[in-house]
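Examination of the molecular architecture
Each chain is listed here by its residues.
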Amino acid sequence: MLKLMVTVCLAMSITLFVERVYMGIVIVFIKLFRKKPETKYKWEPIREDLEFGSSAYPMVLVQIPMYNEKEVYQLSIGAACGLSWPSDRIIIQVLDDSTDPTVKDLVEMECRRWATKGINIRYEIRDNRNGYKAGALKEGMKHTYVKQCDYVAIFDADFQPEPDFLWRTIPFLLHNPEIALVQARWKFVNSDECLMTRMQEMSLNYHFTVEQEVGSGTYAFFGFNGTAGVWRISALNEAGGWKDRTTVEDMDLAVRASLKGWKFVYIGDLKVKNELPSTFKAYRYQQHRWSCGPANLFKKMAMEIATNKKVSMWKKFYVIYSFFFVRKIVAHLVTFIFYCVVLPATVLVPEVQVPKWGAVYIPSTITLLNAIGTPRSLHLLVFWILFENVMSLHRTKATFIGLLEAGRVNEWIVTEKLGDALKTKLGSKVPRKPRFRIGDRVHLLELVVGFYLFVCGCYDVALGKNHYFIYLFLQSMAFFVAGFGYIGTFVPSS
């Protein structure tokens, strides 16, 4: 049985290795020859028409969905209201699903404050949270004033676009009728807050500098990141609008729009500031949603993609195999099952051997290729490997939940943003021993895996011949650190 598991894991490792090398080659080709999106698509600055005045500019809707965002609501609203665009050709729409009456009042007051400055801003609420973010965005599109809009820009509550955001994105949509989406890159304002945020920066930078660039440059398809992007409203409607059948409504919409033949553009040098989750609890919830949702969407849409008649066979293969199967399923499964379960188990069963190329060379190459997006953090590579292996436990569990449509498949917990809350709390007087619940700091799954790895390491030192004990002890320590909650930022109880 273990020998079969090793064979399967090696096959998955080779699959992931080939995918990473392929993307590495493509990104080099894109950087050397294709250059920027402006050279591939028509892009011209929008010039004012003296005859028609501001009416020559397209009408833009800016949606800001939020839920109890007490710490950051002013940032996103202020940034959206500061966007440079003719004031009579833009509508700011704040979609507030907050259940906290105090937060609701604060957000509404902020909207009124900007309205007094002449900003066309609408404060919209619902009497329920059906569909969560997708439901709020869908409801926001139903208002009569939206019918006059050509494009919709979406920003989550912690995102702060620069004033020129629309000037740089709208021309792609205006001059290229085949383009449905223009996606910007994320820029993390708190990446240096703690070691956990540095690790996240490394993972996400690879996603943006390689995965999104490759998708945009080859098949004009990539997953919409749910924020910091502009959609052509007619394309959004043609694709069926927002759906809440999974926890990745953004990816769902992107896949459906792509199957209609629409193209996407990613602008890597246009960055929008935002906040990374800095508490381990918030990050775990986010990663559950980001891993469970794609797996569930893959299950729901695989046949629909395969039988689609509007896109090429190669694009369908890319979406099914590369985008979904390898990146959203294999990458999670092989990281945890192989490196945290099967490889340690071979220490206990010496008859089963893992070839050196599978245990060392392939994972080392994959790791180095992943690290190219963040050169400043190369010295943290070992910590990143250990941290990613810890998180692969939750990603693997979430992937199975998504594929099997088990209990937490549609769980949606908004990622907590701290803003300046942590500085405020640390700056005020707090008890010497902050209060916390055991469940918030102690995580049994991590402790169980950590104990298993530690036992395997001890066995390898005493009786084994594989010399994996250095890795096993380091990885077990990483699981213990996470298991006892000593990871990320800890916000003291007030």
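For every chain, the first residue of its written sequence is number 1, and the numbers climb from 1 along that sequence. At least 70 in pLDDT is required for a residue's local features to be given in this predicted model, at least 80 for side-chain atom pairs to be given and counted, and no such filter applies to totals for whole chains, interfaces and linings, which use all residues. Hydrogens are left out, water is left out, and the side-chain values use all remaining heavy atoms of the structure.

1. Some points on the sheet that holds strand β5 (residues 179-188)
Here we have seven strands laid out as an open sheet, ordered β3-β2-β1-β4-β6-β5-β7, and mixed in their pairing. This sheet does not close on itself; its edge strands, each paired only once, are β3 (121-125) and β7 (263-274). Neighbour to neighbour, the strand axes of the sheet diverge by 20° on average, direction disregarded. For two strands to be treated as a pair, DSSP must find no fewer than two bridges joining them. A helix here means a DSSP run of H or I that spans at least four residues, while a strand means a run of E at least two residues long, and both kinds are numbered starting from the N terminus. Sheet analysis places β5 next to β7, joined by nine bridges and oriented parallel. Bridge assignment links L181 to a residue of β7, and that residue is F264. In what follows, residue pairs with any heavy atoms lying within 4.5 Å of each other are defined as contacts. An axis is simply a line fitted to the C-alpha atoms; with a helix, the fit covers only the stretch in contact. Between two such axes, the angle follows the N-to-C directions and lies from 0 to 180 degrees. Relative to the sheet, helix α6 (residues 165-175) contacts β1 (60-66), β2 (90-96), β4 (151-154), β5, β6 (229-232) and β7, its axis offset from that of β7 by approximately 175°.

2. Digging into helix α12 (residues 356-371)
Helices are assigned an expected span. That span is 1.5 Å times one less than the residue count. In this model, α12 (16 residues) spans 22 Å end to end at C-alpha, consistent with the 22 Å of a helix rising 1.5 Å per residue. The rule is simple: take the accessible area with a 1.4 Å probe, protein chains only, and divide by the maximum for that residue type; under 20% is buried, over 50% is exposed, in between is partly exposed. Among the residues of α12, G358, A359, I362, P363, I366, T367, L369, N370 and A371 are the ones counted as buried. The inward-facing, buried residues of α12 contact α1 (2-34), α7 (195-218), α11 (313-348) and α13 (381-404).

3. Some remarks on the nonpolar core
Counting 141 residues, the largest nonpolar core has V62, I77 and W231 as the members making the most contacts within it. Top contributing element to this core by residue count: α11, with 19 residues. When near neighbours in sequence (up to four residues on either side) are disregarded, W231 contacts D150, Y151, V152, I154, A180, L181, F224, L236, L253, A254, A257 and F264. Among the nonpolar cores identified, the runner-up in size contains seven residues, and V26, I27, I30 and Y206 belong to it. Put simply, buried Ala, Val, Leu, Ile, Met, Phe, Trp, Tyr and Cys residues joined by side-chain atoms within 4.5 Å make one nonpolar core.

4. Observations concerning the confidence of the model for the protein
Caution is warranted with low-pLDDT regions, since their predicted coordinates should not be read in detail. pLDDT measures how confident the predictor is about each residue, on a scale from 0 to 100. Per-chain confidence: the protein averages 91 in pLDDT, with 94% of residues scoring 70 or above. For residues 428-432, every residue scores under 50 in pLDDT, and the model assigns this stretch three contacts once sequence neighbours within four places are set aside.

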